[in-house]
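One letter stands for each residue in the lines below.
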Amino acid sequence: MIPVAASPVRLEASVDSRLSRWMWLVKWLLAIPHYIVLVFLWIAFVVVTVIAFFAILFTARYPRPLFDFSVGVLRWNWRVSYYAHTALGTDRYPPFTLADVPDYPAHFDVAYPERLSRGLVLVKWWLLAIPQYIVVAIFTGGGWGSDGDWRGGGLMPFLSFVAVVILLFTARYPRHLFDFLIGLARWTARVTAYAALLTDQYPPFRLDMGGQEPPPASPPASPPVSPLTKT
């Protein structure tokens, strides 16, 4: 059995112990200040990615300050999406920061690569990622992002709506739906990080469900050597 390699992209979330039955109806409105900030952050993200493209091409490295900024934008986007669109698993208002907030229930991070392939940077974001784009488009409904923003249609918006309708009538967030939604968001985040040149590790065609990243599988232990086989 081949052990599962740990992904350099980490996306995690947890559901509030007590969620409001009705607050999901207005979260999209409350998040408008974040949307305004994110418009400018995404413009900067595109510019930084273009700069990083040439930096990787000539130096095989993603400049660390630019890398931290790009990861920060994806982190900010994930917190807002988790609050207002994808899963809607928390009533805590997202913080206005690029940095990770340890006590916030949504987290995103990418391990910094010391070196990146100069050749892959030319093809991975468009040619190699095409199969992944098709899958993510099904998840998110024609658009794609680091977290499955609400773009109309698609599996994630539908399941998110089902989850909050169940919450409205039962005051409980369906755990199985949450695990599935986070798995879809995690898949999307891995594709986004790959396409944004943050990693060379190709996103696996694997749905890792649940709020926490799965630990890497350990290789099977070698069988003990029988004394009779020793020489």
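Engineer: Could you clarify how one ought to interpret the nonpolar core in this entry?
Structural biologist: For soluble globular proteins, the rule of thumb is that nonpolar side chains tend to be buried together. Counting residues in each nonpolar core, the largest one holds 57 residues, and the members touching the most others are Tyr62, Trp78, Tyr82, Phe108, Val110, Ile182 and Leu198. Secondary-structure elements contributing two or more residues to this core are strand E1 (9-13), helix H2 (32-59), helix H3 (64-84), strand E2 (106-110), helix H5 (130-140), helix H6 (155-170) and helix H7 (175-195). Residues contacting Phe108, with those up to four places away along its chain left out, are Val9, Arg10, Leu11, Val71, Leu74, Arg75, Trp78 and Ala189.

Engineer: Explanation requested: the pairing of E2 in the structure shown.
Structural biologist: Along a regular strand, successive side chains alternate from one face of the sheet to the other. The buried fraction of E2 amounts to four of the five residues, a majority that puts the element mostly inside the structure. Bridging between E1 and E2 involves five bridges; their strand directions are antiparallel. When the bridges of E2 are listed, Ala13 appears paired with Ala106.

Engineer: Where do I start with the packing of aromatic side chains in this structure?
Structural biologist: Aromatic ring pairs are reported here in terms of the distance separating the ring centres and the angle at which the planes meet. Inspection of the entire model under this criterion finds 14 aromatic pairs. Geometrically, the ring pair formed by Trp24 and Phe161 is edge-to-face, given 6.4 Å between the ring centres and 80° between the ring planes. Separated by 137 residues along the polypeptide, Trp24 in the loop between E1 and helix H1 (27-30) and Phe161 in helix H6 bring together distant segments of the chain. Judged by its relative accessible area of 42%, Phe161 falls in the partly exposed class. Residues Tyr194 and Tyr202 carry aromatic rings whose centres are separated by 5.2 Å and whose planes lie at 80° to one another, so their mutual orientation is edge-to-face. Aromatic ring contacts, followed pair by pair, group Phe139, Trp187, Tyr194, Tyr202 and Phe205 into a single cluster. Above the plane of the ring of Tyr112 lies Arg64, whose end atom (NZ or CZ) is 4.4 Å from the centre. Across the ring face of Tyr194, the terminal group of Lys124 is positioned such that the distance to the ring centre comes to 5.6 Å.

Engineer: Explanation requested: H7 in the structure shown.
Structural biologist: Every α-helical turn comprises 3.6 residues, leaving residues that sit three or four positions apart pointing alike. In this model H7 runs 30 Å from its N-terminal to its C-terminal C-alpha over 21 residues, within 8% of the 30 Å that 1.5 Å per residue would give. By the criterion of burial, H7 is predominantly enclosed, with 18 of the 21 residues buried.

Engineer: Can you walk me through unusual backbone geometry in this structure?
Structural biologist: Outside of glycine, negative phi angles account for most residues, and trans bonds account for most peptide bonds. With a phi angle near 75°, Ala87 is a residue other than glycine that sits in the positive phi range. For Ala87, the location among the structural elements is in the loop between H3 and E2. Owing to a relative accessible area of 0%, Ala87 belongs among the buried residues under this scheme. One non-glycine residue, Ala171, lies in the positive phi region at around 65°. Following the sequence through the fold, Ala171 ends up in the loop between H6 and H7.

Engineer: Just checking my understanding: could you explain a nonpolar patch on the surface for this structure?
Structural biologist: A surface patch of nonpolar side chains, about 870 Å² in accessible area, is lined by Trp28, Leu29, Ile32, Ile36, Val39, Phe40, Ile43, Val47 and Ile51. Among the secondary structure elements, those contributing two or more residues to the nonpolar patch are H1 and H2. The dominant element in the nonpolar patch, judged by the number of residues it contributes, is H2, at seven residues. Structurally, Val47 is set in helix H2.

Engineer: What should I look at first to understand the pattern of salt bridges in this one?
Structural biologist: Close approach of charged atoms lets side chains of opposite charge pair. According to the stated counting rule, one finds 12 salt bridges in the structure shown. Across the salt bridge formed by Asp208 and Arg206, the nearest N and O atoms sit 2.9 Å from each other. Residue Asp208 is classed as buried on the basis of its relative accessible area of 10%. Residue Arg206 is classed as partly exposed on the basis of its relative accessible area of 26%. Linked by salt bridges that have partners in common, Arg186, Arg190, Arg206, Asp208 and Glu213 make up one network.

The rules we used
- What you see as residue numbers is a count from 1 along each chain, following the sequence as written.
- Only residues with pLDDT of at least 70 are given local features in this predicted model, and only at 80 or more are side-chain atom pairs given and counted; all residues enter the totals for whole chains, interfaces and linings.
- The basis for every side-chain value is the complete set of non-hydrogen atoms in the structure, without hydrogens or water.
- Nine residue types can take part in a nonpolar core, namely buried Ala, Val, Leu, Ile, Met, Phe, Trp, Tyr and Cys, and a core is a set of them joined through side-chain atoms within 4.5 Å.
- Relative accessibility decides the category of a residue: with a 1.4 Å probe and only protein chains considered, values under 20% of the type maximum give buried, values over 50% give exposed, and everything between is partly exposed.
- Each helix is a run of DSSP H or I of at least 4 residues and each strand a run of E of at least 2, with the numbering of both proceeding from the N terminus.
- It only takes one pair of heavy atoms within 4.5 Å for two residues to be counted as in contact.
- Two strands qualify as a pair provided DSSP detects at least 2 bridges between them.
- Whether two aromatic rings pair depends on their centres lying within 6.5 Å, for rings of Phe, Tyr and Trp, where Trp uses its six-membered ring; planes under 30 degrees apart make the pair stacked, over 60 edge-to-face, and the rest tilted.
- In our convention, an over-ring charge means Lys NZ or Arg CZ found within 6 Å of a ring centre and within 35 degrees of that ring's normal.
- Take the number of residues in a helix, subtract one, and multiply by 1.5 Å to get its expected span.
- Note on patches: the residues involved have over 30% relative accessible area and no salt bridge, like charges join within 9 Å, and the nonpolar side chains Val, Leu, Ile, Met, Phe, Trp and Tyr join within 5 Å.
- Surface exposure here means Shrake-Rupley accessible area, sampled with a 1.4 Å probe, where a residue is shielded only by the protein chains that are shown.
- Whenever Lys or Arg places a side-chain nitrogen within 4 Å of a carboxyl oxygen from Asp or Glu, that contact is recorded as a salt bridge.

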